Amino acid sequence: MELYFATGNPHKLAEANSILSKFGILLKPAPSPKIEIQSESLEEIARYAAEAAYRSLGSPLVVEDSGLFVESLKGFPGPYSSYVYKTIGCGGILRLLEGCTDRTARFECVVVYASGEEMRSFIGVTKGSIAEAPRGSSGFGFDPIFISEERDGKTFSELRPSEKSAISHRGRAFRALGEWLSCSGREHTLK
Ligand code: IMP
C-alpha cells in the first residue's frame, strides 16, 4: 500500500517508513508542502494540514505534527518546536533550563490519515527529561538533549534509529496507524 506523506522533513519520512514497512506500507513524499496553521493543539494543526493536503492531492495521505513539551517551561516549546529549534535550538532550551532541577519533558506526535471519506488521528507520547548537555550524533532536532525514561540515561541521539523508533512518540503513532490500516483491509495505490 502506498500513501502520500505531507512533510518537508526527510528524517520524519525515514523514521515513518522504517516503521510502516513492517506493515507493507510505503510513504511517498507529497509534491505539495505541508500547510501549518498556528494553534496550541498538535491535532488541530495536523488535521488542518491533512484537509488542505487532501484538497490539493485528491489521494489518501498522512500528515504528522510533533513537538517537545518541557514541564518546567509550562509545555514550551510544544507546538512551536519547529520554530524554536530553528531559532534558539538545543542550546537555547538548555539555557532556559539553567539552574532548573525539574528537567522533565515529553515528545508528542499526532499522525492524521485522510482519505476523503474519513479522517483519523493516531497519537504517540514518549516521556523523559532534558540532558545537561547535548550528547550523540544520530537523529535530528532535539534528539541530542532528550533522554528517554525507557533507556538508561541515553539521549535519542545516542540510540540506533531502530531503538529510538521502538519507544519514540513517532514510532508509537505510526505503529498505531499501521495496525489500524492492516486491520481495516484498506488498499491504496497512488495514481
Ligand atoms: P513539526 O511537526 O514539523 O511542526 O516540527 C516539530 C519539531 O519538533 C521538529 O522540527 C523538531 O525540532 C521537534 N521534534 C519533533 N519530533 C522530534 C524527534 O523525534 N526528535 C527531535 N526533535 C523532534
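Residue numbers restart at each chain and count upward from 1, following the sequence in its written direction. Local features in a predicted model are, by the rule used here, given only for residues with pLDDT of at least 70; side-chain atom pairs are given and counted only at 80 or more, and totals for whole chains, interfaces and linings are based on all residues. Water and hydrogen atoms play no part in the side-chain values, which are based on all heavy atoms of the structure.

A. Main features of the site of the ligand. Inspection of the region around the ligand gives 17 residues, with Lys 12, Ser 66, Asp 143, Lys 164 and Arg 170 positioned closest. Under the rule applied, a polar contact is a pair of N or O atoms within 3.5 Å (in protein, one hydrogen donor and one hydrogen acceptor; residues adjacent in sequence only if both atoms are side-chain atoms). A distance of 2.6 Å is found between an oxygen atom of the ligand and a side-chain nitrogen or oxygen belonging to Lys 12. In this structure, a nitrogen atom belonging to the ligand sits 2.9 Å away from a side-chain N or O atom of Arg 170. The accessible surface values rely on the Shrake-Rupley method and a 1.4 Å probe; as for residues, cover is taken only from the protein chains in view. Alone, the ligand offers 490 Å² of accessible surface; in the complex the protein occludes 93% of this. Residue composition of the shell around the ligand, by class: four nonpolar, five polar and eight charged. In this text, near means that some heavy atom of the residue lies within 4 Å of the molecule or strand in question. Ten residue types, Ala, Val, Leu, Ile, Met, Phe, Trp, Tyr, Cys and Pro, are classed as nonpolar, four, Asp, Glu, Lys and Arg, as charged, and the remainder, Gly among them, as polar.

B. Inspection of the packing of helix α1 (residues 10-20) against helix α6 (residues 169-184) at higher detail. For helices, the axis comes from a line fit to the C-alpha atoms of the stretch in contact; other axes are also lines fit to C-alpha atoms, and the angle between any two N-to-C directions lies between 0 and 180 degrees. Secondary structure elements are taken from DSSP: a helix is a run of H or I of four residues or more, a strand is a run of E of two residues or more, and numbering for both begins at the N terminus. Contact pair α1 / α6: the axes reach a minimum separation of 9 Å and the direction vectors enclose 45°. The angle between the axes of α1 and α6 places the two elements in the oblique class. Helix-helix and strand crossings are classified by hand; for α1 and α6 the assignment is right-handed. Facing Lys 12, Glu 15, Ala 16, Ile 19 and Leu 20 of α1, the residues of α6 in contact are Arg 170, Gly 171, Phe 174, Arg 175, Leu 177 and Gly 178. Among the residues forming the contact of α1 with α6, the class breakdown is five nonpolar, two polar and four charged. For classification, angles of less than 35 degrees are called roughly parallel, those exceeding 145 degrees roughly antiparallel, those between 65 and 115 degrees roughly perpendicular, and all remaining angles oblique. Left-handed is the label given to a crossing in which the near helix is rotated counterclockwise from the far helix by less than a right angle, and right-handed is the label when the rotation is clockwise. Between two residues, a contact is recorded if the distance between any of their heavy atoms is within 4.5 Å.

C. Representation of the pattern of salt bridges in the model. Salt bridges, as used here, are contacts in which a Lys or Arg side-chain nitrogen is within 4 Å of a carboxyl oxygen on Asp or Glu. Counted by the stated rule, this structure contains 16 salt bridges. A salt bridge links Lys 34 to Glu 36; the nearest nitrogen and oxygen atoms lie 3.1 Å apart. Judged by relative accessible area, which is 18%, Lys 34 ranks as buried. Two residues, Glu 108 and Arg 106, come together in a salt bridge whose shortest N-O distance is 2.6 Å. Each of Lys 12, Glu 15, Glu 64, Asp 143, Lys 164 and Arg 170 takes part in a single network of salt bridges with overlapping partners. Exposure classes here rest on a 1.4 Å probe applied to the protein chains alone. A residue is buried below 20% of its type maximum, exposed above 50%, and partly exposed in between.

D. Local environment of unusual backbone geometry. In the segment running from Phe 76 into Pro 77, the intervening peptide bond is cis, with an omega of 0°. Take Pro 77: it is sitting in the loop between β3 (61-70) and α3 (81-87). A positive phi angle, near 55°, is found at Lys 74, a position not held by glycine. Position of Lys 74 relative to the elements: it lies in the loop between β3 and α3.

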